[in-house]
Amino acid sequence: MTPTDLVTYFPNQQMGNLADDLVNVKTWDDFERRFLYGTGKSRETYKTYMVACKQFHAFTKGEHPMQSGTVANVEAFYDSILADGVSLSTAKLRMSSLKYMFGRVQDRFPIWQSPFDVMNEVTKRKLNASDTDVSEKGALTMKEYRDVLSMLRKDISLRGVQDYAHFRFLVVSGLRAFEAVGLQWKQIDECETG
């Protein structure tokens, strides 16, 4: 079947392009050239993304990503890379790579649905887990903050006063614990209040 024949069967240009992409994209290189080149990603980001995309392509035994792009395949791939011993954060990065790849397909063919658009919330949470996700909460509520301050004020020893000052400083400055630990006097600027 030639591209001219495809236009006969698919008079709508987008449908003709879709048929052409399905018929003539036979290798990963064909797919990468048609769908992924020139996407504005940095060279290193692009290389990182392609590692996961190529692994997914191999995992689906070379099936065209538009055909292999199912929720079941994405979840099975995720489970397989975890079984290979990668960290949750690495697995999450690989899922971001697939999301990018399927997003590029969807950009070209809006009628096609990415598996990430149709998966349920439970699966989305599973695929987005990372090693740093230890809780759902990112910060203290105002009530929790006041409760901790109130508790720390009760200890009037030198250590208690230091704990209060450290805690208050961390919250007010927004520093992370490791940033506060590495802080040096020369890095602190004086202001009008001292």
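Bear in mind the structure is a predicted one, so any value in this text is a computation, not a measurement. (Residues numbered from 1 in each chain as written. Predicted model: local features only at pLDDT ≥ 70, side-chain atom pairs only at ≥ 80, totals over all residues. Heavy atoms only, no water.)

1. A short note on the packing of helix α4 (residues 43-59) against helix α7 (residues 88-108)
- Where α4 contacts α7, the two axes come as close as 8 Å, and the packing angle between them is 85°. Considering the angle they form, α4 stands roughly perpendicular to α7. Between α4 and α7, the contacting residues are Tyr46, Thr48, Tyr49, Met50, Ala52, Cys53, Gln55 and Phe56 on the first element and Leu93, Arg94, Ser96, Ser97, Leu98, Tyr100, Met101 and Phe102 on the second.
- Its residues placed into classes, the contact of α4 with α7 shows 11 nonpolar, 4 polar and 1 charged. (Axes fitted to C-alpha atoms, helices over the stretch in contact; angles between N-to-C directions. Helix = DSSP H or I, 4+ residues; strand = E, 2+ residues; numbered from the N terminus. Parallel < 35°, antiparallel > 145°, perpendicular 65-115°, else oblique. Contact = heavy atoms within 4.5 Å. Nonpolar A, V, L, I, M, F, W, Y, C, P; charged D, E, K, R; others polar.)

2. A closer look at the packing of aromatic side chains
- Under the definition given, this model contains 6 aromatic pairs.
- Judged by centre distance (5.5 Å) and plane angle (85°), the ring pair of Phe56 and Phe77 falls under edge-to-face. Taken as a pair, Phe56 in helix α4 and Phe77 in helix α6 (residues 71-83) lie far apart in primary sequence, 21 residues in all. In terms of burial, Phe56 and Phe77 fall into one category: buried.
- Through successive ring pairs, a cluster of aromatic residues spans Phe56, Phe59, Phe77, Phe102 and Phe116. (Phe/Tyr/Trp six-rings, centres within 6.5 Å; stacked < 30°, edge-to-face > 60°. Buried < 20%, exposed > 50% of the residue type's maximum accessible area, 1.4 Å probe, protein only.)

3. Here we look at the environment of Met50
- Among the secondary structure elements, Met50 is positioned in helix α4.
- Judged by relative accessible area, which is 4%, Met50 ranks as buried.
- In sequence terms Met50 and Glu32 are 18 residues apart; their C-alpha atoms lie 8.7 Å from each other.

4. Thoughts on the pattern of salt bridges
- Summed over all chains, the structure comprises 6 salt bridges.
- One salt bridge connects Asp147 with Lys143, and the closest N-O pair in it is separated by 2.9 Å. In this pair, Asp147 and Lys143 are both assigned in helix α10 (residues 142-153), 4 residues apart and thus about one turn of the helix distant.
- The class of Lys143 is exposed, set by a relative accessible area of 56%.
- Each of Glu75, Asp79 and Lys126 takes part in a single network of salt bridges with overlapping partners. (Salt bridge = Lys/Arg side-chain N within 4 Å of Asp/Glu carboxyl O.)

5. Observations regarding the confidence of the model for the protein
- Looking at the protein as a whole, the pLDDT averages 77, with 72% of positions reaching at least 70.
- Across the protein, the element-wise mean pLDDT spans from 46 in helix α1 (residues 3-9) up to 94 in α6.
- Every residue in residues 1-11 is under pLDDT 50, and counting partners more than four places away or in other chains gives 8 contacts. (pLDDT = per-residue confidence, 0-100.)

6. Observations concerning the nonpolar core
- One finds Val74, Met95, Leu98 and Phe102 to be the most contacted residues of the largest nonpolar core, which totals 23 residues.
- If you list the elements that add at least two residues to this core, you get α4, α6 and α7.
- Broken down by element, the residue count for this core peaks at 7 residues, all from α7.
- The contact partners of Val74, leaving out residues within four places of it in the chain, are Phe56, Met95, Leu98, Phe102, Pro115, Phe116, Met119 and Leu127. (Core = buried A, V, L, I, M, F, W, Y, C linked by side-chain atoms within 4.5 Å.)

7. Re the packing of α10 against helix α11 (residues 158-173)
- Viewed as axis vectors pointing N to C, α10 and α11 meet at an angle of 160°, and their least axial separation amounts to 9 Å. Classified by the angle their axes make, α10 and α11 are roughly antiparallel. Here α10 runs over α11; the crossing is left-handed. Contacts between α10 and α11 involve Tyr145, Val148, Leu149, Leu152 and Arg153 from the former and Gly160, Asp163, Tyr164, Phe167, Arg168, Val171 and Val172 from the latter.
- Its residues assigned to classes, the contact of α10 with α11 shows 8 nonpolar, 1 polar and 3 charged. (Left-handed = near helix turned anticlockwise from the far one by under 90°.)

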